[in-house]
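An overview of the molecular structure
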Amino acid sequence: MQTFLDGSSAALHAFAVAHPWVAPLVVWGTAGFIIVCPVGFFGLWIWDGRLRPGVAALVGLGVTQWVCREAGQLMYRPRPFVALHFVPLYPHAPNNSFPSSLTAFAAVAAVVGVLAWGRLGLVFVVGMVVVGFGCVYVGVHYTTDVIAGAALGAVCGAITWLIAGLPPVARALSALERRLPPGRRYQRAGRVAATAAS
């Protein structure tokens, strides 16, 4: 069942048809953030030196994949380009539209990134918004697919972050951190000292 929000799919498609020059900008912008998000997350994780953000994100992605698959089993919805009979601006299989797994994955990075690095992590929130908008704009998802995917990914990311901070898990991660190569350990010590001084 389509909602009022889902009407934006038809409106965006009409805009895209009337302004074809915008489509490449949206497609390349979305693709850029799909690349930048994991690369940037990995870079910040290496700079930080803690295992918790990386572990929380990796486990969160796995859990999110499973949750999205189960949600798709509960609700089938044809993709907008199938239901509304138009050619999507980016090729995609005509499978289930609900929820948006790509937006869900971006939401995991956004939540863990903000919880781990504060304002620095907001770049991943921007990435999540851009990816979600791009999915709707090119006609492969409804707005509610994107909202549902973002919500599922955010919840999974927050839960795995909290679990990674539980005392037994935190002690295990700290023990692993102490076994890291010396350069990585010293880098982490420098980050901690800089944070304490600020």
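About the criteria used
Residues numbered from 1 in each chain as written. Predicted model: local features only at pLDDT ≥ 70, side-chain atom pairs only at ≥ 80, totals over all residues. Heavy atoms only, no water. Phe/Tyr/Trp six-rings, centres within 6.5 Å; stacked < 30°, edge-to-face > 60°. Helix = DSSP H or I, 4+ residues; strand = E, 2+ residues; numbered from the N terminus. Buried < 20%, exposed > 50% of the residue type's maximum accessible area, 1.4 Å probe, protein only. Lys NZ or Arg CZ within 6 Å of the ring centre and 35° of its normal. Patch = residues over 30% accessible without salt bridge, like charges linked within 9 Å, V, L, I, M, F, W, Y side chains within 5 Å. Areas by Shrake-Rupley, 256 points an atom, 1.4 Å probe, with all protein chains shown as cover. Salt bridge = Lys/Arg side-chain N within 4 Å of Asp/Glu carboxyl O.

**Quick notes on the packing of aromatic side chains**
- In total, this model carries five aromatic pairs according to the counting rule given.
- Pairing Phe 15 with Tyr 137 gives two aromatic rings, centres 6.5 Å apart and planes at 70°, and the pair type is edge-to-face. Residue Phe 15 is located in helix H1 (residues 7–18), and its partner Tyr 137 is located in helix H6 (residues 122–137); the two are separated by 122 residues in the primary sequence.
- For Phe 15, a relative accessible area of 38% gives the class partly exposed.
- Members of the aromatic cluster, joined through ring pairs, are Phe 15, Phe 133 and Tyr 137.
- The side chain of Arg 52 reaches across the aromatic face of Trp 161, ending 3.8 Å from its centre.

**Re a nonpolar patch on the surface**
- A surface patch of nonpolar side chains, about 340 Å² in accessible area, is lined by Val 155, Ile 159, Ile 163 and Leu 166.
- Along the polypeptide, Val 155 turns up in helix H7 (residues 143–164).

**With respect to the environment of Leu 84**
- Position of Leu 84 relative to the elements: it lies in the loop between helix H4 (80–83) and helix H5 (101–117).
- Accessibility expressed as a relative area gives 32% for Leu 84, which makes it partly exposed.
- In the structure, Leu 84 is positioned 74 residues away from Ala 10 in sequence and 7.6 Å away in space, judged by C-alpha atoms.

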